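An overview of the molecular structure
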Protein chains: 2
Amino acid sequence: MIHINIDRKTSCSLSRQIYDALKEAILFGTIQPGEKLPSTRELAKYLNVARNVVIECYEQLAAEGYVYSKNGAGTYACDGVRFHPLEKDTAAKGGSNEKYSPQYEVSFRTGIPDLAEIPIKRWAQIYQRIALDIKPSQLDYQDPFGDYRLRTQLSLYLNRARGAQTAPKNILITNGAAQSFHLLCGLIAQNEYALVENPLSFGILHTLCANSVNMEPIYMDEQGMVTAALPDKPPKLIFTTPSHQFPTGVILPAGRRIEMIKYARRQNAYIVEDDYDSEFRFDGSPIQSMQFLDPQRVIYVGTFSKTLMPALRLGYMVVPDELCEKMREAKYVADLHSPILEQLVLGDFLERGLFERHIRKMRKLYLKKRNALVGSLRQSFGERVKISGAEAGLHFIAAFEGVHFHEGLMKKIEENGVQISAVSQHCLSEKTKSQYDQGLIFGYGNTTMEDIDRGVKILSRVIKGER
Amino acid sequence: MIHINIDRKTSCSLSRQIYDALKEAILFGTIQPGEKLPSTRELAKYLNVARNVVIECYEQLAAEGYVYSKNGAGTYACDGVRFHPLEKDTAAKGGSNEKYSPQYEVSFRTGIPDLAEIPIKRWAQIYQRIALDIKPSQLDYQDPFGDYRLRTQLSLYLNRARGAQTAPKNILITNGAAQSFHLLCGLIAQNEYALVENPLSFGILHTLCANSVNMEPIYMDEQGMVTAALPDKPPKLIFTTPSHQFPTGVILPAGRRIEMIKYARRQNAYIVEDDYDSEFRFDGSPIQSMQFLDPQRVIYVGTFSKTLMPALRLGYMVVPDELCEKMREAKYVADLHSPILEQLVLGDFLERGLFERHIRKMRKLYLKKRNALVGSLRQSFGERVKISGAEAGLHFIAAFEGVHFHEGLMKKIEENGVQISAVSQHCLSEKTKSQYDQGLIFGYGNTTMEDIDRGVKILSRVIKGER
DNA sequence: GTCCATTAGTACGAACAAATT
DNA sequence: TAATTTGTTCGTACTAATGGA
């Protein structure tokens, strides 16, 4: 008779304990294939448990194919279930969320909004209200394009605030701009290619690389992408950030926009307008979207990561009619559709004007920070620093006269506790790298006034030590 | 002097109205490239508005590159901004979420939980609590694998309830099983292929097709995938539903599981265990996961769409150590990471045992429904219906003696207001199609007792009319 | 917040039918 | 035929947790 240790004090049920022991015995070969197991009565008596307990565990073993029972004949171990001793997973080592983002004393990371100012309370209130009077059918699978009410509100907002030409049917809700780019990559076949700005954001670069999309960088001047340099070979997509080029901050002027659209039409290409932070323009209204000029050639990509919060993972694309079906399929295959509840909350947020109010509030705050940072840099570096692209967004470029941000210097800055990236790190060619190697990208969205002060002081010390 | 209609009653600002009019004039060519615009003083006087209004709008036009101003010389339209008349989007036609799911009188759609029983209130309460004491840093971008606390809880749950061998570091939070499959497809190169069960679920079929993955179907018998028929050519992935095969409901016995794992080891393939509804087993505990037998060869795919709600779009994968980095990269490229707030809520939900309680509650409810449906079918069809795979999950198969569910009959059923699918629709070959053509798949998760009654009555009428 | 009735989970015991040796 | 074994269905008891007043 097989011996089984039974512990009546543990929270684990008796039948589970016997089940585990028997299964292990069968897998290890202690109980041979075809061997008869003790009868339920016998084992129950031997172990001093109720027969029902043994029956329950024999049934489970039978259901999983370890044993088979024959009425009147007994229970036998199945063939072919001998197996190697299980490798128990060695001690689950500790971990946490914190580990993901290394800690710096001051961070000028780009693209992060002020996390302390996120209207999370208001957001949660609306979430609760929405959840309380939701219809069960809304908790079912939904349209891959997303919630219709949100798309309606978004369409109104985009028409109003960004001068875009959209209808709800063209708006595809995604899990942030990263997913939008990922889905768009699906449009590009292996032998086709995409045009990108140079320098460009890591986000697009990384997405395109990982999806093994061929890229052709386009030279930029102080007006943005040089449309005269557009190649003859027809691209499939043209990735651009016309309202506030990343990282240079340049605004693509109307003339070049039109040229680019004409080019796209000629080459039968689509323009991907990455409008990642245009909501925050400090003088005048936001620059109008490029999509406005030709809704059938321009795919507009927006995100709520900067305006609300990165953790939300909500963004959207305005898709030309011709691409709607393809994009619907792509989104469906990727993850069916984006989560619904927070879409409903966002729709409400927009409808009540809370979103635009929040933007206005944040614009003021970011303006303050920008001015403080510019002031701080001026104070430390005087005329030896040249700032550009600061009219909008959550970052700008500062070029330091006579300083070259090579790898060693960047490492030194990091070692001194400042997180910041150099423009040259975003360049695709050696030529552009050296063209931009005096520039740092200052993201100030999630900095405090103290951060700004301290960060510039540290930078000043390190840079001046270098010179 | 250009004429501009100004409406002081509208909510649109004066400068916006002037801006729009001027921009249109430039784009249409009413104002020629290089033409001098009226001076700010002149235009302000003419339109009877303050000069600042005109200045603001000239600045905006300049920022966007439509005009340029020279100190002392005036403002001129830029070159190259003439453009076609804008095609105004024709009337945004109406739409709504409802349109997405066509209405049936009774739906036996598979894989839908009881939407009316979702603990949405409790969920919303926790959401609010979580949101109120969240740290700002948690609203930042996070680890692609997901929230660590949720992964810890999930790992405990899986070990406890599914007998899986996991550590938090191996758990990747995804936007539902569909995304898990999508990410896994990235492991398969163009010249490689995947093994699938036949018949199989639309979900996997569709994902694999759309990602242009080559598939090889494996024959099944009453015990599930016939492991003796595994091909010599090494596959990359083997997709399987061992706990409750979709759609047949068969449980893959231990012997075959072990054979399959040995095969996978020999061929250096990975097994994808799609555990889509095993939580709901009606007699005994759920069938133990296959992942338990070899955590380094089996990728376990789970979802909360059936246990909580489809609209949530949350699922997970248990990834072998060797694949962690690849999967991290794949998830990062797809959408950086899954939304955080609802992950936190889910983690709390699990930690408090609310999740398991909910499962227990639902298991009872589903058992009731299953029994009612089986009873109803028995009553209508007596011994002429054979039911299989009903021991677990939210669906089972009913085979009707002497009835063949060809396209015409399926259409007739649909026309009579019943949504249901035939087993043969899930088959990949003609041979299997005819083998299974007497079976319907009854999903009863989101049906009411009345639905069940009514649905069976309608089916009975249609099927008997056919015979 | 507290108390109380209810419910769910686990374990036990007993009885009987059906199949097997 | 008798003894043994599984399959099935009761009822009871104890405990912990839940939900409502």
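Residues numbered from 1 in each chain as written. Chains lettered and ligands numbered in written order. Predicted model: local features only at pLDDT ≥ 70, side-chain atom pairs only at ≥ 80, totals over all residues. Heavy atoms only, no water.

As recorded in an unreviewed UniProt entry, chain A goes by the name HTH-type transcriptional regulatory protein GabR, listed as coming from Anaerotignum neopropionicum. Taken from UniProt, the Sequence similarities (unreviewed entry) comment for chain A reads in full: "In the C-terminal section; belongs to the class-I pyridoxal-phosphate-dependent aminotransferase family." (UniProt positions renumbered as here; feature names shortened; annotations may be inferred.)

A separate point is the protein's contact with DNA strand C. What surrounds DNA strand C is a group of 14 residues, the closest being Arg8, Leu14, Asn52 and Asn71 of chain A together with Arg360 of chain B. Sugar plus phosphate: this is where 68% of the atoms of DNA strand C within 4 Å of the protein reside. Side-chain polar atom of Arg51 of chain A to a base nitrogen of DNA strand C: 3.4 Å apart, as the coordinates give it. A distance of 3.3 Å is found between a base nitrogen of DNA strand C and a side-chain nitrogen or oxygen belonging to Asn71 of chain A. Only helix 3 (51–63) of chain A together with helix 11 (354–381) of chain B provide two or more residues apiece to the surface near DNA strand C. Counting residues per element, the surface near DNA strand C draws most heavily on helix 3 of chain A, which supplies 3 residues. Looking at side-chain class alone, the surface near DNA strand C contains 5 nonpolar, 4 polar and 5 charged residues. (Near = heavy atom within 4 Å. Polar contact = N/O pair within 3.5 Å; in protein donor to acceptor, adjacent residues only side chain to side chain. Helix = DSSP H or I, 4+ residues; strand = E, 2+ residues; numbered from the N terminus. Nonpolar A, V, L, I, M, F, W, Y, C, P; charged D, E, K, R; others polar.)

Residues Glu56 and Glu59 of chain A together with Asp283 and Glu391 of chain B make up a contiguous surface patch of negative charge. Within the fold, Glu56 of chain A resides in helix 3. Of the residues examined, Glu56 of chain A reaches a relative accessible area of 41% and is grouped as partly exposed. (Patch = residues over 30% accessible without salt bridge, like charges linked within 9 Å, V, L, I, M, F, W, Y side chains within 5 Å. Areas by Shrake-Rupley, 256 points an atom, 1.4 Å probe, with all protein chains shown as cover. Salt bridge = Lys/Arg side-chain N within 4 Å of Asp/Glu carboxyl O. Lys, Arg positive; Asp, Glu negative; His and termini not counted. Charge placed at Lys NZ, Arg CZ, Asp CG, Glu CD. Buried < 20%, exposed > 50% of the residue type's maximum accessible area, 1.4 Å probe, protein only.)

All right, on to the protein's contact with DNA strand D then. As a structural note, the neighbourhood of DNA strand D is formed by 13 residues, with Thr40, Arg41, Arg51 and Gly72 of chain A together with Arg357 of chain B the closest of them. For DNA strand D, the fraction of protein-proximal atoms (within 4 Å) that sit in sugar or phosphate groups is 58%. The separation between a base oxygen of DNA strand D and a polar side-chain atom of Asn71 of chain A is 2.9 Å. Those elements that place two or more of their residues in the surface near DNA strand D are helix 2 (40–47), helix 3, strand 2 (67–70) and strand 3 (74–77) of chain A. Among the elements that take part in the surface near DNA strand D, helix 3 of chain A stands out by supplying 3 residues, more than any other. Classifying every residue of the surface near DNA strand D by side-chain character gives 1 nonpolar, 8 polar and 4 charged.

Residues and elements named next belong to chain B. Over its 14 residues, helix 5 (residues 148–161) extends 20 Å from the first C-alpha to the last, a length consistent with the 20 Å expected when each residue adds 1.5 Å. Considered for burial, the residues of helix 5 that qualify are Tyr148, Leu150, Arg151, Gln153, Leu154, Ser155, Tyr157 and Leu158. In this structure, the buried residues of helix 5 make contact with strand 5 (171–174), strand 12 (298–303), strand 13 (315–318), helix 10 (341–351) and helix 11. Measuring from the backbone nitrogen of Arg149 back to the side-chain oxygen at the start of helix 5 gives 3.2 Å, which picks out Asp147 as the cap. (Expected span 1.5 Å × (residues − 1). Contact = heavy atoms within 4.5 Å.)

Here we take up the packing of aromatic side chains. Across all of its chains, the model carries 31 aromatic pairs over all chains by this definition. Taken together, a centroid distance of 5.5 Å and an interplanar angle of 75° make the contact between Phe304 of chain B and Phe355 of chain B edge-to-face. Taken as a pair, Phe304 of chain B in the loop between strand 12 and strand 13 and Phe355 of chain B in helix 11 lie far apart in primary sequence, 51 residues in all. Three or more aromatic residues joined by ring pairs make a cluster, and in this case those are Phe108, Phe381, Phe396, Phe400, Phe405, Phe442 and Tyr444 of chain A. When the ring centre of Phe292 of chain B is taken as reference, the NZ or CZ atom of Lys23 of chain A above it lies at 4.1 Å. If you follow Arg297 of chain A out to its NZ or CZ, it ends over the ring of Tyr270 of chain A, 5.1 Å from the centre. (Phe/Tyr/Trp six-rings, centres within 6.5 Å; stacked < 30°, edge-to-face > 60°. Lys NZ or Arg CZ within 6 Å of the ring centre and 35° of its normal.)

Along its 12 residues, helix 9 (residues 324–335) of chain B runs 17 Å from first to last C-alpha, staying within 8% of the 16 Å computed at 1.5 Å per residue. Within helix 9 of chain B the residues assigned to the buried category are Cys324, Met327, Lys331, Val333, Ala334 and Asp335 of chain B. The inward-facing, buried residues of helix 9 of chain B abut helix 6 (177–185), helix 7 (202–210) and helix 9 (324–335) of chain A together with strand 5, helix 6 (177–185) and strand 13 of chain B. Just downstream of helix 9 of chain B lies Leu336 of chain B, where phi reads positive at about 70°.

In this numbering, the UniProt entry assigns the feature "domain: HTH gntR-type" (unreviewed entry) to residues 12–80 of chain A. Taken as a whole, residues 12–80 of chain A contains 52% helix and 14% strand, while its terminal C-alpha atoms sit 29 Å from one another.

Here the focus is unusual backbone geometry. All names here are of chain A. Following Asn198, the chain continues to Pro199 via a peptide bond in cis, the omega torsion being 5°. Along the chain, Pro199 turns up in the loop between strand 6 (193–197) and helix 7. Within the chain, Asn48 stands out as a residue other than glycine whose phi angle is a positive 65°. Its location among the elements puts Asn48 in the loop between helix 2 and helix 3.

All names here are of chain A. Here Asn198 is to be found in the loop between strand 6 and helix 7. According to the relative accessible area criterion, Asn198 is buried, its value standing at 5%. A polar contact of 3.5 Å, which involves the side chain of Asn198, links it to the side chain of Ser429.

Listed by partner, the interface residues are 110 residues for chain A and 109 residues for chain B. Contact between chain A and chain B buries roughly 8900 Å² in total, counting both sides, with carbon and sulfur atoms accounting for 57%. Applying the counting rule to chain A against chain B returns 2 salt bridges. When the shortest N-O distance is used, the salt bridge between Arg109 of chain A and Asp140 of chain B registers 2.5 Å. Between the two partners, chain A and chain B, sit 25 residue pairs in polar contact (both at pLDDT 80 or more). Residues of the side of chain A that touches chain B, tallied by class, amount to 50 nonpolar, 34 polar and 26 charged. (Buried area = accessible area lost by both parts, 1.4 Å probe.)

Before going further, it helps to examine the packing of helix 2 of chain A against helix 3 of chain A. Residue and element names in this part refer to chain A. Following both chains from N to C, one finds helix 2 and helix 3 inclined at 120°, their axes separated by 8 Å at the closest point. It follows that helix 2 is oblique to helix 3 by the angle criterion. The two elements helix 2 and helix 3 meet at a crossing, and its hand is right-handed. Side by side, helix 2 and helix 3 meet where Thr40, Arg41, Leu43 and Ala44 of the first sit next to Arg51, Val54, Ile55 and Tyr58 of the second. Counted by class, the contact of helix 2 with helix 3 contains 5 nonpolar, 1 polar and 2 charged residues. (Axes fitted to C-alpha atoms, helices over the stretch in contact; angles between N-to-C directions. Parallel < 35°, antiparallel > 145°, perpendicular 65-115°, else oblique. Left-handed = near helix turned anticlockwise from the far one by under 90°.)

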